[in-house]
Protein chains: 2
Amino acid sequence: MNLTVEELSLWRLLQRAQVRIAGRLEAELVEAHDLALASYEVLSQLAAAPGRRLRMNDLADRVLLSRSGLTRLVDRLQREGLVVREACESDARGLFAVLTGAGLDRLKEATPTYLRAVRTHFLDALDGDDVRRCRSMLAKLGVV
Amino acid sequence: MNLTVEELSLWRLLQRAQVRIAGRLEAELVEAHDLALASYEVLSQLAAAPGRRLRMNDLADRVLLSRSGLTRLVDRLQREGLVVREACESDARGLFAVLTGAGLDRLKEATPTYLRAVRTHFLDALDGDDVRRCRSMLAKLGVV
DNA sequence: GCACAGTAGATGCGCGCGCAACGTTTTAAG
DNA sequence: CTTAAAACGTTGCGCGCGCATCTACTGTGC
């Protein structure tokens, strides 16, 4: 089966959209809260996790970062007091990244900005049907 | 208007899909042709442009890179002989990035890999309706 | 009990990128 | 013509990331 030009350009357009939206989210978060998008994602994932903690490994997967990348990012967040590392009792190799009170505060501060930006730059352009269709496409793509 | 959890997670899923697909394209291009995705995009854009040349500025926009980022990328491609810089007669500030014969060869070599990867990791999962719907969504998002 | 592969996370290293600043050229205003 | 402002591309700089490697620990098989 051959690719039409339509189909081919679709991937580039998607990439373009993703980069543009991510750039805007990042810009607004940095501007308003001096918080990088990746940092926001970490705080957000931790806040949603039971015990506000996640193994470094799990966390890395969720925020689309390599293990080493996450190590440094958590270093930085820990330096800012937003996160701490705690040993894992059941596995002495493992560490939890744990959200601190300050981290939760910072997250709560930034969340309205994040939500507004996602709405403004992404969801507002779509109707309910688009959202459903998009979800189904993402499911087909295996991102679950 | 409030965001449902469904809607909220949509953006993260989209990001996930984009990162995953781009990663696979890049991996296959590097593996088979020692060519980074960004480099492929540059060669591809140049090949499609009239005279196989594009102003640095235009090119930067098309490949989603900052001006300085493109400067370095073109440096590398030029070092490899895939691209050359040529002065712009009508505007002495401007430079063209021009695809060389070797660059075109390299592009032709890599293109089947690229197309196959885009098909395998993206388009194969979608039907014609998805493609149309996706295009319409991207249009709504203003990526045109 | 002891080796041995596998896993978790940290670290050395290099690379690609963006930002801010710069020199050059063009354009606009007076 | 003169001067100011904007545009084009490059460069210095620092940062965040991934890969490969390392150490420490786990668990499997004998």
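This write-up is about the structure you can find in this document. Because the structure is a prediction, the values reported are computed rather than measured.

1. Thoughts on the packing of aromatic side chains
Residue and element names in this part refer to chain A. A full pass over the atoms with the stated rule returns four aromatic pairs over all chains. Judged by centre distance (4.3 Å) and plane angle (25 degrees), the ring pair of Y40 and Y114 falls under stacked. Of the two residues, Y40 sits in helix 2 (residues 37-48) while Y114 sits in helix 5 (residues 101-121), which places them 74 residues apart along the sequence. Judged by its relative accessible area of 3%, Y40 falls in the buried class. A relative accessible area of 1% means that Y114 is categorised as buried.

2. A few points about the protein's contact with DNA strand D
By nearness alone, 20 residues border DNA strand D, and A:S66, B:N57, B:T71, B:R72 and B:R85 come closest of all. Near the protein, within 4 Å, the atoms of DNA strand D are sugar or phosphate in 65% of cases. Within the contact set of DNA strand D, a phosphate oxygen lies 3.1 Å away from a side-chain nitrogen or oxygen of B:R55. Contact between DNA strand D and B:M56: a phosphate oxygen at 3.3 Å from a main-chain N or O atom of the residue. Elements that contribute at least two residues to the surface near DNA strand D include exactly helix 4 (67-79) of chain A together with helix 3 (56-62) and helix 4 (67-79) of chain B. Among the residues forming the surface near DNA strand D, the class breakdown is four nonpolar, seven polar and nine charged.

3. Some words on the packing of helix 2 (residues 37-48) of chain B against helix 4 of chain B
Residue and element names in this part refer to chain B. Helix 4 packs onto helix 2 with a crossing angle of 85 degrees between their chain directions and a minimal axis gap of 11 Å. Comparing the axis directions of helix 2 and helix 4 gives the class roughly perpendicular. Contacts between helix 2 and helix 4 involve A38, S39, V42 and L43 from the former and L70, L73 and L77 from the latter. The residue inventory of the contact of helix 2 with helix 4, partitioned by class, reads six nonpolar, one polar and no charged.

4. Observations concerning the protein's contact with DNA strand C
Inspection of the region around DNA strand C gives 19 residues, with A:N57, A:T71, A:R72, A:R85 and B:S66 positioned closest. Of all DNA strand C atoms lying within 4 Å of any protein atom, the proportion belonging to sugar or phosphate reaches 65%. A distance of 3.0 Å separates a phosphate oxygen of DNA strand C from a polar atom in the backbone of A:L95. B:S68 has a polar side-chain atom sitting 2.8 Å from a base nitrogen of DNA strand C. At the level of secondary structure, the elements contributing two or more residues to the surface near DNA strand C comprise helix 3 (56-62) and helix 4 of chain A together with helix 4 of chain B. It is helix 4 of chain B that provides the largest number of residues to the surface near DNA strand C, a total of four residues. For the surface near DNA strand C, the residue count by class is four nonpolar, seven polar and eight charged.

5. Some points on the pattern of salt bridges
The final tally for this structure, using the stated rule, is 26 salt bridges over all chains. In this structure, the salt-bridge partner of A:R55 is A:D91, at a minimum N-O distance of 3.9 Å. A residue pair is termed long-range when its members are at least 10 positions apart, and A:R55 in strand 1 (residues 53-55) and A:D91 in the loop between strand 2 (83-87) and strand 3 (95-99) qualify at 36 residues. By relative accessible area, A:D91 is classed as buried at 18%. Within the structure, one salt-bridge network assembled from shared partners comprises A:D127, A:D129, A:D130, A:R132, B:R133 and B:K140.

6. Let's talk about the state of the cysteines
Across all of its chains, the model carries zero disulfides over all chains by this definition. The thiol of A:C134 is unpaired, and the distance to the nearest cysteine sulfur, on B:C134, comes to 6.9 Å. For A:C134, a relative accessible area of 4% translates into the label buried.

7. Notes on the interface of chain A and chain B
Taken together, the contacts link 50 residues of chain A with 50 residues of chain B. In this assembly, chain A packs against chain B so that about 5,400 Å² is buried in total across both faces, 66% of it on carbon and sulfur atoms. Considering only the side of chain A, the residues that lose the most area to chain B are A:L10, A:W11 and A:R12, jointly responsible for 14% of the buried surface there. Our enumeration of links across chain A and chain B arrives at 12 salt bridges. Linking B:D129 and A:R133 is a salt bridge whose minimum nitrogen-to-oxygen distance equals 2.9 Å.

Thresholds, definitions, all that
Residues numbered from 1 in each chain as written. Chains lettered and ligands numbered in written order. Predicted model: local features only at pLDDT ≥ 70, side-chain atom pairs only at ≥ 80, totals over all residues. Heavy atoms only, no water. Phe/Tyr/Trp six-rings, centres within 6.5 Å; stacked < 30°, edge-to-face > 60°. Helix = DSSP H or I, 4+ residues; strand = E, 2+ residues; numbered from the N terminus. Buried < 20%, exposed > 50% of the residue type's maximum accessible area, 1.4 Å probe, protein only. Near = heavy atom within 4 Å. Polar contact = N/O pair within 3.5 Å; in protein donor to acceptor, adjacent residues only side chain to side chain. Nonpolar A, V, L, I, M, F, W, Y, C, P; charged D, E, K, R; others polar. Axes fitted to C-alpha atoms, helices over the stretch in contact; angles between N-to-C directions. Parallel < 35°, antiparallel > 145°, perpendicular 65-115°, else oblique. Contact = heavy atoms within 4.5 Å. Salt bridge = Lys/Arg side-chain N within 4 Å of Asp/Glu carboxyl O. Disulfide = S-S within 2.5 Å. Buried area = accessible area lost by both parts, 1.4 Å probe.

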